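Summary of structural features
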Amino acid sequence: MPEPLASEYLSVLNEQQKEAVIHEGSPLLILAGAGSGKTRVITTKIAYLIAEKQVPPQSILAVTFTKKAAKEMQERAVLLEPAASQSWIRTFHSFGAWFLRRYAEEACVDKNFTVYDEDDMTTLVGKAVPALSRQEAARAVHKISLAKDYCLMPDSKNLVQIESSPEFPAIYAAYEKRLRETGNVDFGDLIMRPVQVLEAYPEIQLQMQYRFRVIMVDEYQDSNVAQFKFLQALSGVQNGSDTYVCVVGDDDQSIYRFRGAEVQNILTFQQHFPGTQIIRLEQNYRSTSRILAAADSVVRSNKDRLGKTLRAVRGEGGQPVMVFLPGQDDEAMFCADLIMRAHEKGTPYRDWAVLYRTNAQSLEFETEFLHKKIPYTVVGSLKFYEREEVKDILAFAAFILNPRDEIAFRRIVNKPARGAGPKTQEAVIDAARAAAAEAAGAETGSETAASDAATGSLLQACRDAVAARTGKGGAVPKSVAGLNTFAGIAGELTEFLDGQTQPDVKLSEFISKIAERSGLSEYHAADDEISGTQRTANIQELINSAVLYPCSREGLIAYLDSIELDRTLEKPGDEPDADTVTLITLHNTKGLEFRRVIITGLEEGIFPRQDKSGDDLEEERRLFYVGITRAKDELYITSCGLRRLYGRTEYMHPSRFLAEAAGKDVFKLLGNVPPSFRAGSVGSAGFGTGGAGAGADPLAQKWRRGTRLYHDDYGYGQVMDASFIDGEFVITVAFESGGTKRFLPAYQKNHLVIVKD
DNA sequence: CCCGTCGTTATTTTT
DNA sequence: TAACGACGGG
């Protein structure tokens, strides 16, 4: 087959895209607006570099944030240039995992590490600092993760900016020590530790510079400090390396500040990569122009942006619709009706996506769609891999891979019950840690630096405990018998895995064997009988998902990585091409597009979420922008007057984002449109308006500033402020208990009474 | 050691 | 409202 000519794939690009593809010689920052064809640019660039610039494909590294994006990028690059199959197109985290396994010794991790999730981390913090409650431990875990996103160690001076509590550094340090004893890593380590290795070992940095000549980063606006440092260290800019660095991002789509993403990375890129050229991609190929106008009307309220104007290539299209509904049930019904009616006219379900701010909101749609027989797929929140039975099996697999894994050990040693309770577990773990410490001490001064594989092994510690108690005569305690049973099973499974010689045996055989031999299958099957759960089916699904991997240590590592490094992965067994409506959080839509999009729950407190202001509020607004720009043909926005929240029905306000956008006359308004949104009052749409006629309203007469009152739930308080917002009379009340709340007195007759002094 | 009941509490967003 | 943790009984 003849090599495709560069002109063939360049000819379909616009001028800016072409410029970005053929650019060379300096760092490059591509500011790519939504739908401007950035994936096409990156993939074409990869093909171009290989075919026209003779860059070896394996020396190209392209980094994305999600596995889905990585997969798509690789597929599209390969279509343009088959040799791109050898290029490294991966997520930041899977690249970090590869790096850590390769330099395991320098990074002080076990080569066979598995990745602890938040839950595992919390357990470990709880063990490292027993004084903490589970809740406190969870809070600490959150802060530790954030610290790692910023590459901060327990002794870093700047740690106070993450968490000012004086106890925190000690908690972090204790956790870190304990984590290292297991040899495993957490999510943050996948980026932070490679950075530390690169900074500590110049020769490794040189190896990387030699190996990767081209580094590209997608979704750069969502990179965090650790990832920035990773990029810096890999490319070796400070050392004058000529590695070609190209990052692609859109500051308007930065939505991960809460987990350490730094918009500064994109805003100050030029300063850290001197000589950077900037290319803007502003032609939008995705959406019709009225949808883009809606998007622009939203994001233009943000102050902190580089500024960019999308030009629509497609036609004007239909007018986006804003719908005001009485309650969340009506919202679900509205969506269902819309989708069903379109389906009757031939629109497939897969054209539709229903977007919401929090995962919990998916429930109303699931219920309604189930009822109306509309097929749907919930993206992301599928906690398949967090289910107890699934975690149990995976923990057993992880333990066999790394028998120092304290968390996995605790989880499975006594499941099903074998008489080895917490006290026994503690003793075994302490013994293993003592053995490891002793070995480490003995090592000092001797030249046997490589750590013994059995050192600190909990499996070995179990066997030792058994050996110490048997042969002494007398009855063997139940706990020791339990450890013996467990050690027997774990030993047998380890031998099975290591004894595999035929290459065509699938890993599913091994996973299945774990389920059977561990007794976990039976244990969970019993639960199915009693509570009618799906555990056996889930275990079977898990076993099936391992069929793609070979039955070996390497295969098992790859399998566990694939699960641990991408939680958004669809549930195994879900067919990807089914004709279903997509239910998805706004965050998860990053990089996706749909013909028809419904963004739901546009209410104050929900979206934007309560207590958002300043930079956080701007991020919420960008999230709205991301949602709008997913739509190709049709866009609907819904807002409810009532919503059930914490089991209580609350009266809701339309989101301030709606007022910001409606003033521009870009939306068609439907439903119970609040007065301030109606034609004629467009100019005054927004918050803090009203005032006129307030004195005449009976409610305003009753609830004046200073009025003392009593609320059923919150107790005694005083009206601090009273005003009309969006045509509704709202009071702000300060309670004696401390908090402040806002109410709509019109709807609080049963809960709110005036008290006379 | 396992099960049930009662009371409390929680909701961002995710690699 | 639902889910989970603490507690107590069997």
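The shown structure was predicted, so the numbers you read here are calculated from the model rather than taken from an experiment.

Here we come to the pattern of salt bridges. This structure, assessed with the given rule, holds 54 salt bridges. In this structure, the salt-bridge partner of Asp337 is Lys372, at a minimum N-O distance of 3.7 Å. Of this pair, Asp337 sits in helix H16 (residues 328-344) while Lys372 sits in helix H17 (residues 362-372), and the two are 35 residues apart along the sequence. A relative accessible area of 27% means that Asp337 is categorised as partly exposed. Looking at Lys372, the relative accessible area reads 25%, which means it is partly exposed. Here Glu492 ties to Arg517 by a salt bridge, and the two come within 2.8 Å at their closest N and O atoms. One end of the pair, Glu492, is in helix H22 (residues 478-498); the other, Arg517, is in helix H23 (residues 507-517), with 25 residues separating them in the sequence. Sharing partners across several salt bridges, the network here consists of Lys148, Glu176, Arg180, Asp186, Asp189 and Arg193.

Right, let's get into the nonpolar core. Counting 68 residues, the largest nonpolar core has Val125 and Leu231 as the members making the most contacts within it. Among all residues touching Leu231, those that are not within four sequence positions of it are Ile215, Val217, Tyr220, Val245, Val247, Phe269 and Phe273. Among the nonpolar cores identified, the runner-up in size contains 51 residues, and Phe396, Val413, Ala490 and Ala515 belong to it.

Locating Asp405 in the fold gives a position in the loop between helix H18 (388-401) and helix H19 (406-412). The side chain of Asp405 is buried and forms no salt bridge, while Arg410, the nearest opposite charge, is found at 8.5 Å. At 2.3 Å, the side chain of Asp405 and the side chain of Tyr116 are in polar contact. Residues within four places of Asp405 in sequence aside, it is in contact with Thr114, Tyr116, Thr182, Asn184, Ala398, Phe399 and Leu458.

Procedures and definitions
Residues numbered from 1 in each chain as written. Chains lettered and ligands numbered in written order. Predicted model: local features only at pLDDT ≥ 70, side-chain atom pairs only at ≥ 80, totals over all residues. Heavy atoms only, no water. Salt bridge = Lys/Arg side-chain N within 4 Å of Asp/Glu carboxyl O. Helix = DSSP H or I, 4+ residues; strand = E, 2+ residues; numbered from the N terminus. Buried < 20%, exposed > 50% of the residue type's maximum accessible area, 1.4 Å probe, protein only. Core = buried A, V, L, I, M, F, W, Y, C linked by side-chain atoms within 4.5 Å. Contact = heavy atoms within 4.5 Å. Lys, Arg positive; Asp, Glu negative; His and termini not counted. Polar contact = N/O pair within 3.5 Å; in protein donor to acceptor, adjacent residues only side chain to side chain.

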